[in-house]
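Notes for the structure review
Here is how the chains run, residue by residue.
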Amino acid sequence: MQVRQILGKTIALLLAMQLFLIGLQAKSQIDQGKSSIEALIWMTQQYISVLVKIRSLQDKKEKNDSPKLKSKR
């Protein structure tokens, strides 16, 4: 169980880092001359894909933690 907690925290950290890097890339795009709106649209698209990953992981965790599955194990 402890390995699962460490894995979960590692995944959360990596996703947070990914969000941070998306923000840095958007700032870089603005610094290179892209309009703020273009960078914001790009950043939003990137954030959506991360949110989809998070939701998928959350659904898997809920499925694994459901009482039906625990009683069958």
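Residues numbered from 1 in each chain as written. Predicted model: local features only at pLDDT ≥ 70, side-chain atom pairs only at ≥ 80, totals over all residues. Heavy atoms only, no water.

What about the packing of helix 1 (residues 2-31) against helix 2 (residues 36-65)?
When two helices pack together, you describe them by how their axes are tilted relative to each other and by the distance separating the axes. This is how it is decided: Each axis is a line fitted through C-alpha atoms, taken for helices only over the stretch in contact, and angles between the N-to-C directions span 0 to 180 degrees. Secondary structure follows DSSP: runs of H or I at least 4 residues long count as helices, runs of E at least 2 residues long count as strands, and numbering of each begins at the N terminus. Just so you know how the angles are binned, under 35 degrees is roughly parallel, over 145 roughly antiparallel, 65 to 115 roughly perpendicular, and the rest oblique. By the convention used here, residues are in contact when the closest approach between their heavy atoms is within 4.5 Å. Under the scheme applied here, ten amino acids are nonpolar (Ala, Val, Leu, Ile, Met, Phe, Trp, Tyr, Cys and Pro), four are charged (Asp, Glu, Lys and Arg), and all others, including Gly, are polar.
At a minimum axis distance of 8 Å, the contact between helix 1 and helix 2 shows a crossing angle of 170°. Taken together, the axes of helix 1 and helix 2 lie roughly antiparallel to each other. Contacts between helix 1 and helix 2 involve Arg4, Ile11, Leu15, Gln18, Leu19, Ile22, Gly23, Gln25, Ala26, Gln29 and Ile30 on the former and, on the latter, Ser36, Ala39, Trp42, Met43, Gln46, Tyr47, Val50, Lys53, Ile54, Leu57, Asn64 and Asp65. In the contact of helix 1 with helix 2, the residues fall into 13 nonpolar, 7 polar and 3 charged.

Notes on helix 1
The following threshold applies: Here the expected span of a helix is defined as 1.5 Å times the quantity of residues minus one. Exposure classes here rest on a 1.4 Å probe applied to the protein chains alone. A residue is buried below 20% of its type maximum, exposed above 50%, and partly exposed in between.
Between its terminal C-alpha atoms helix 1 stretches 43 Å, which fits the 44 Å expected from 30 residues at 1.5 Å a residue. Residues Leu15, Ile22, Ala26 and Gln29 constitute the buried set of helix 1. Its buried side turned inward, helix 1 meets helix 2. Just downstream of helix 1, Gly33 is the residue with a positive phi angle, here 110°.

Some remarks on the pattern of salt bridges
Side chains carrying opposite charge are able to pair once their charged atoms draw close together. Put simply, the rule is: When a carboxyl oxygen of Asp or Glu lies within 4 Å of a side-chain nitrogen of Lys or Arg, that pair is called a salt bridge.
Counted by the stated rule, this structure contains 3 salt bridges. A salt bridge links Lys27 to Asp31; the shortest N-O distance between them is 3.0 Å. Placement of the pair is Lys27 and Asp31 together in helix 1, with a separation of 4 residues, close to one helical turn. Judged by relative accessible area, which is 56%, Asp31 ranks as exposed. Note that Arg55 and Asp59 form a salt bridge whose closest N and O atoms lie 3.2 Å from each other. A residue pair is termed a helical-turn pair when its members lie 3 or 4 positions apart in one helix, as Arg55 and Asp59 do in helix 2 at 4 residues.

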